[in-house]
Amino acid sequence: MKTLLQGNYAVAEAVRLSRVQFVAAYPITPQTPIYERLSDYELEGKLKGVMMRTESEHSAMAACISAALTGVRTFTATASQGIALMHEMLHFASGNRVPVVMCNVNRVVAIPWAFGSDQSDSLSQRDTGWMQFYCEDAQEAVDTVIQAYKIAEQVFFPVMVCIDGFFTSHFLEPIDIPEQEMVDRFLPPPDIPNRFDIKNPAYVGNVVSPEQYMVFRQKSFEDMEKARGVIKRVDDEYREIFGRGYGYLEAVDTEGADVVLATSGAMTSTARVAVQSLKDKGYDVGLLKLRTFRPFPTKEIQEALKGVKKLAVLDRNISIGKEGIWCQELKAALYPLKERPTITNYIAGICGADVSPEMIEEMVINTLKREDAPELPVWVRRDQ
Amino acid sequence: MMLKEELEREYMRSGHMGCPGCGVATTLRLVLKVLGERTIVVIIPGCHAVISANYPNSVLKVPCFHSAFEIAAPTAAGISNALKIRGEEGINVLAVAGDGGTFDIGLQSLSGAADRNEDFIYLCLDNEAYMNTGIQSSSSTPEKVWTMTTPGGRKGRKKNLMQIIAGHRMPYAATVTMGKPLDLMEKIEKAKNIRGTKFIHALVPCPTGWRMAENLSAKSAMLAVESKLFPLYELIDGINFRITHEPQGIPVKEYIKIQGRYRHFTDSDVEALQKQVDEEWERLVEKAKSCI
Ligand code: SF4
């Protein structure tokens, strides 16, 4: 049975169902309803364990890290300035190899001050060593949070589950909230090692030499590579039990298409409408939904875009001084191929600015018409 | 009274990498003697961290986590809550931070943890400057004292941290120093048996940063107390003061004259400092009186 819920509350449901033992959080728009709902659960006895109301996001992540090192299942949520403040702790979490799961509700980073969706807050945390997943809707967010614990606790990397501010976090959607019993079957109770065993004392986080430091980094790099298989296995298993799975990405009619539209997050739903409308008009167009950002699915992308001549990349983020972040990553992934599509990057929907199916259709047609790809990204917005 | 066994046991191995005469090492050693083997230590950047372990070694016989600079308190809180969740009882969590990590960069997160009355002991090893990075001024550095970043002497007085601590109504707070080791150990023993956030402010001599001979650490710590410059007291629930040692009232000049960081002090500087010390002491005595 489906329940009508806003995305934030759906994420809170997933946290409860995952039997999280320790939550540390701090309010920030548009994430706050997750924190509030978890507080309700605590009061109602639905969330066992400890709820720590910290004085900053930085401390929230600090406490999640040390609690996870002590062997408990942890969660926090944040957005925008909050994830920016946490930045140091994000490196710290992955360096400590803790299976912390965090929901980041994408929101612009000041300045100017604003509240709408923009993936730059989390995409700019690219090199912190976190796994990152971008969800199309609240259902996917619920499923991804539950999956995230199973992945994180096998590979010992923290996982970030990202949803679009307001579009996904606040809009009501009919959502299938899984049964506790089924979730328990999929996700066993936490079995996380306690690194501070008084019977076997160890020092966590020593000072190391340059060579030793490199050894640790290389090990992390190699373990993240190994995690690719785990992500796939967990997703397959989830699909078997719950009938829903997402893969690293979703490729719809991409192979050999005249043009493919690549996008991520909530904008994918709009893109689906635009692509269908173009197909109805006779265009040979495919859709590439990007879900996993780290580890980056290079092979899967190369596979999905085989024989594609033109690629339009729709980014709700911008790396000033370069271009959209997904676009950069896609270009790098396609570079090793002998034949690769020409790529046009569209920057749209920043700060939750309106992106209609018609606007996306225009982007795709524009990409098809072009002989060469423009050097700079194309900014698309409604005139005001 | 301390048991003989507590006085003799050691949870710090030999081989720490501190300078000779380092007050940080001695203070930590005394504290761990009392806390014993059922202890988890959180350490943050500072001399106490750097001297305690180079991979894969550790001078501590108890588990330790080298956390980040500004998060001694929330790190300790995360551990103590996780222990509670796991049903592991009777384990002391000790957060160790310097004055930089406490008076300055970690003050916000300490305030947050104390406000929630998280269950751990916070030990501030106050050597009155950023010693690990090579003697730079912190808000704990006394007025007019020389450091590498205050070559003309620091402007402004040492922050009154215990007043800030008092505002949090912690169940237990105390000042200690290695110059009075039994007083120190008794206070740690008390802190160990109280639930909630306990704050221990330790004045720790640093021969390197204080520009002082390495055999004068214990003496300087003793003089700090006996001159009333660093009085020893307890603070219960943020309101009740109890002085635990009646100082002899040795002139403060005796304390500062053995330290090179005060070398440039003129007679009138010394006089002004003596006046400040006497006034502060009177204030403390008044507070302690009203608490009885
Ligand atoms: S600089 Fe001071 S605190 Fe640091 S190790 Fe040397 S004596 Fe100890």
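Residues numbered from 1 in each chain as written. Chains lettered and ligands numbered in written order. Predicted model: local features only at pLDDT ≥ 70, side-chain atom pairs only at ≥ 80, totals over all residues. Heavy atoms only, no water.

1. Considerations on the overall build of chain B
Looking only at helices and strands, chain B has eleven helices and eight strands in total. Against the compact-globule benchmark of 19 Å for 292 residues, chain B has a radius of gyration of 18 Å, which places it among compact chains. Overall size of chain B, expressed as C-alpha extent along the three principal axes, is 60 × 45 × 40 Å. Taking all contacts inside chain B whose residues are at least 6 apart in sequence as the whole, residues at least 24 apart take part in 70%. In the form shown here, chain B has an accessible surface area of approximately 11,800 Å², with 53% of it arising from carbon and sulfur atoms. Positive and negative side-chain charges in chain B, numbering 35 and 33 respectively, have mean positions lying 2 Å apart. (Helix = DSSP H or I, 4+ residues; strand = E, 2+ residues; numbered from the N terminus. Rg over C-alpha atoms; globule rule 2.2 N^0.38 Å. Contact = heavy atoms within 4.5 Å. Areas by Shrake-Rupley, 256 points an atom, 1.4 Å probe, with all protein chains shown as cover. Lys, Arg positive; Asp, Glu negative; His and termini not counted. Charge placed at Lys NZ, Arg CZ, Asp CG, Glu CD.)

2. Let's talk about helix α11 (residues 267-291) of chain B
Owing to its 3.6 residues per turn, the α-helix aligns residues three or four sequence positions apart on the same side. Taking 1.5 Å of rise per residue, 25 residues should cover 36 Å, and α11 of chain B covers 36 Å from first to last C-alpha, within 8% of that figure. Taken together, the buried positions of α11 of chain B are occupied by Asp269, Val270, Leu273, Val277, Trp281, Leu284 and Ala288 of chain B. (Expected span 1.5 Å × (residues − 1). Buried < 20%, exposed > 50% of the residue type's maximum accessible area, 1.4 Å probe, protein only.)

3. Looking at the layout of surface pockets
For the largest pocket, the calculated volume is near 1,100 Å³. Residue assignment for the lining of the largest pocket shows that the elements contributing at least two residues are α3 (57-69), α4 (80-95), β9 (203-204) and α8 (210-242) of chain A together with β2 (64-66) of chain B. Ranked by residues supplied to the lining of the largest pocket, first place goes to α8 of chain A with six residues. Of the residues that constitute the lining of the largest pocket, the class distribution is 22 nonpolar, ten polar and six charged. (1 Å grid on protein atoms, 1.4 Å probe; cavity = no way out; pocket = protein on both sides within 12 Å on 5 of 7 lines; lining within 4 Å. Points joined across faces, edges and corners; volume = space filled by probe spheres on them. Nonpolar A, V, L, I, M, F, W, Y, C, P; charged D, E, K, R; others polar.)

4. Focus on the environment of glutamate 250 of chain A
Residue and element names in this part refer to chain A. For glutamate 250, the position within the fold is in strand β10 (residues 249-252). Judged by relative accessible area, glutamate 250 falls into the partly exposed class, the value being 27%. Sequence separation between glutamate 250 and lysine 289 is 39 residues, and the spatial gap between their C-alpha atoms is 5.0 Å. Side chain to side chain, glutamate 250 and arginine 272 meet in a polar contact 2.8 Å long. (Polar contact = N/O pair within 3.5 Å; in protein donor to acceptor, adjacent residues only side chain to side chain.)

5. Overview of the pairing of strand β8 (residues 172-176) of chain A
All names here are of chain A. Covered by surrounding structure in β8 are Glu173 and Ile175 only, the residues Leu172, Pro174 and Asp176 on the alternate face being uncovered. In the sheet, strand β1 (residues 2-6) pairs with β8 via five bridges, with the strands oriented antiparallel. The residue of β8 that forms the bridge with leucine 4 is proline 174. (Pairing = 2+ DSSP bridges.)

6. A word on the domain arrangement of chain A
Residues and elements named next belong to chain A. The domain boundaries assigned to chain A delineate domain 1 (2-242) and domain 2 (249-379). Across the interface of domain 1 and domain 2, roughly 2,200 Å² is buried in total on both sides, 52% from carbon and sulfur atoms. It is Leu123, Arg126 and Glu136 in domain 1 that bury the most area against domain 2; as a group they hold 29% of the surface buried on that side. Joining domain 1 to domain 2, the criterion identifies six salt bridges. In this structure, glutamate 136 engages arginine 272 in a salt bridge whose closest nitrogen and oxygen atoms are separated by 2.7 Å. Run the count over domain 1 and domain 2 and you get 21 residue pairs in polar contact (both at pLDDT 80 or more). For the side of domain 1 that touches domain 2, the secondary structure elements donating two or more residues are α5 (120-123), β6 (131-134), α6 (138-155) and α8. Looking at the side of domain 1 that touches domain 2 residue by residue, the class counts come to twelve nonpolar, eight polar and seven charged. (Domains from an automatic or database assignment. Buried area = accessible area lost by both parts, 1.4 Å probe. Salt bridge = Lys/Arg side-chain N within 4 Å of Asp/Glu carboxyl O.)

7. Here's the deal with the site of the ligand
Residues in close proximity to the ligand include Gly18, Cys19, Cys22, Val24, Cys47, Asn127, Met131, Cys206, Pro207 and Thr208 of chain B, which together make up its full environment. By residue class, the composition of the shell around the ligand is seven nonpolar, three polar and no charged. (Near = heavy atom within 4 Å.)

8. Focus: the sheet that holds strand β7 (residues 233-236) of chain B
The sheet built from nine strands is open, its strands ordered β9(A)-β2(B)-β1(B)-β3(B)-β4(B)-β6(B)-β5(B)-β7(B)-β8(B) with mixed pairing. In the strand order of this sheet, the two ends are held by β9 of chain A together with β8 (240-243) of chain B, each with one partner. Against the sheet, helix α4 (residues 72-85) of chain B engages β1 (39-43), β2, β3 (92-98) and β4 (120-126) of chain B, with an angle of about 175° to β3 of chain B. Packed onto the sheet, α11 of chain B meets β7 and β8 of chain B and runs at close to 115° relative to β8 of chain B. (Axes fitted to C-alpha atoms, helices over the stretch in contact; angles between N-to-C directions.)

9. Some remarks on the nonpolar core
With 142 residues, the main nonpolar core has Leu38, Met61, Phe75 and Met131 of chain A together with Tyr122 and Phe199 of chain B as its most contacted residues. When residues in this core are grouped by element, the largest group, ten residues, is from α6 of chain A. In terms of domain composition, this core takes at least three residues from each of domain 1 (2-242) and domain 2 (249-379) of chain A. Non-local contacts of tyrosine 122 of chain B, meaning those with residues more than four positions away in its chain, are made with Ala72, Ala73, Ala95, Ala97, Gly101, Thr102, Leu110, Lys198, Phe199 and Ile200 of chain B. Within the second largest apolar cluster, 38 residues are counted, among which are Ala25, Val31, Leu60 and Leu125 of chain B. (Core = buried A, V, L, I, M, F, W, Y, C linked by side-chain atoms within 4.5 Å.)

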